Amino acid sequence: MSSIYDLHTHSTASDGTLSPVELVRHARDIGVQVLALTDHDTTDGIDAAQQEAAAVGITLIPGVEISTSWGGGTIHLLGLGIDRGCRDLQQGLAGLRETRELRAEKIGRGLERSGISGAYAGAKRFATGAHIGRAHFARHLVEAGHAESMRKAFQKHLKVGRPGYVAAQWAPLEDVVNWIHTAGGQALIAHPACYSFTRSKMRRLLAEFVEMGGDGMEVVSASYNRDDIANMARHAIEFELLASVGSDYHGPENQWIEVGRLPPLPSGVKAVWQGWSGDRLRLSA
Ligand code: AMP
Ligand code: MN
Ligand code: MN
Ligand code: MN
């Protein structure tokens, strides 16, 4: 079940635990040949990852996972093959990081009110200079004994309805599609099967996304089961969206998810890399 492509991974530039260089070396050791680094709302890790990819002989696709707001909730969009020098994209990402920072302070205060003190400082320590996210809070909550696992930390403290949940206003979905396109990238809906949408809400999202010019969706993700993959493949075919494959790897601490360990794309879908010319694949050479 080892895949040549893994187009969704995180490093210490956001909430992953391997540095960009460590991540690339690890992917190379596993046998991944084309890796996208897609940190949350930042492209900070891409330079280092690209240099290392060139050194170890794999292809690094410059990517990003962007927080957007749609339908009263959060949708993550992947931008693949982006030019990280694009001003529109960088201005947009800078705004989202500000939202992230203000949200983190509010999360800290929410947890404070529920009797957990020092969570903001603790999360900040786990972020080691990166832009703070809920995964950093979760790691701190586990370390401080407030939860037995990351999963439990989200369940008890951080997910919708819990004291550490703060609804954030991210960028509108359509704006983010435009930033990605202006940066020369392809826009894909990250892990669509994970939003727990009804079938009709999923169809509304995909229809609107296509209308905005969106390019594709993740049909294979490490957190999907077989039904999710079959379901997402049917949606990709119906809405004529390109299909992508990504582990959403965050580091070796999560023993269930490994870089590049992914089932193949089902037949009938069009892989996002089908249209990639030498150009997109030569980026790290
Ligand atoms: P944020 O963008 O800061 O709201 O954080 C979202 C991130 O939190 C995801 O990318 C995952 O890394 C992590 N996350 C979300 N839900 C869970 C969960 N149930 N268990 C572990 N990590 C999670
Ligand atoms: Mn994450
Ligand atoms: Mn995501
Ligand atoms: Mn991700």
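In the block above lies the structure referred to throughout.
Residues numbered from 1 in each chain as written. Chains lettered and ligands numbered in written order. Predicted model: local features only at pLDDT ≥ 70, side-chain atom pairs only at ≥ 80, totals over all residues. Heavy atoms only, no water.

## What about the coordination of the manganese ion (ligand 3)?
1) Next: For the manganese ion (ligand 3), the full set of protein donor atoms is Glu 65 (OE), His 76 (ND1) and His 191 (NE2), at a range of 2.1 to 2.2 Å.
2) Next: We note that the donor set of the manganese ion (ligand 3) lies within a single chain, spaced as E-x10-H-x114-H. (Donors = N, O, S within 2.8 Å, 3.2 Å for Na, K, Ca; no water.)

## A few points about the coordination of the manganese ion (ligand 2)
1) Next: Bound to the manganese ion (ligand 2) are the protein donor atoms Asp 15 (OD), Asp 15 (OD), His 40 (NE2) and His 250 (NE2), situated 2.1 to 2.7 Å from the metal.
2) Next: Bound by 6 donor atoms, the manganese ion (ligand 2) shows angles of 52 to 165° at the metal and therefore irregular coordination geometry.
3) Next: Read in sequence order, the donor residues for the manganese ion (ligand 2) give the motif D-x24-H-x209-H.
4) Next: A separation of 5.7 Å is found between the manganese ion (ligand 2) and the manganese ion (ligand 3). Here Asp 15 is found in the loop between strand S1 (5-6) and helix H1 (20-30), whereas its partner His 40 is found in the loop between strand S2 (34-37) and helix H2 (46-56), with 25 residues between them in sequence. For the pair shown, Asp 15 and His 40 are each scored as buried. (Tetrahedral: all angles 85-135°; square planar, octahedral: opposite > 155°, others 65-115°. Helix = DSSP H or I, 4+ residues; strand = E, 2+ residues; numbered from the N terminus. Buried < 20%, exposed > 50% of the residue type's maximum accessible area, 1.4 Å probe, protein only.)

## Structural notes on the environment of Arg 28
1) Next: By the secondary structure assignment, Arg 28 is in helix H1.
2) Next: If near-sequence neighbours (up to four positions away) are discounted, Arg 28 is found in contact with Val 56 and Ile 58. (Contact = heavy atoms within 4.5 Å.)

## What to know about the pattern of salt bridges
1) Next: For the structure on display, the rule yields 10 salt bridges.
2) Next: Here Glu 52 and Arg 25 are joined by a salt bridge, their closest N and O atoms 2.8 Å apart. Here Glu 52, found in helix H2, pairs with Arg 25, found in helix H1; they are 27 residues apart in sequence, far enough to count as distant.
3) Next: Residue class for Arg 25 comes out partly exposed when judged on its relative accessible area of 41%. (Salt bridge = Lys/Arg side-chain N within 4 Å of Asp/Glu carboxyl O.)

## Re the environment of Arg 151
1) Next: The residue Arg 151 is located in helix H6 (residues 150-158) in this model.
2) Next: In this structure Arg 151 comes out as exposed when scored by relative accessible area, which is 64%.
3) Next: Taking C-alpha positions, Arg 151 is 21 Å from Arg 109, a pair spaced 42 residues apart along the chain.

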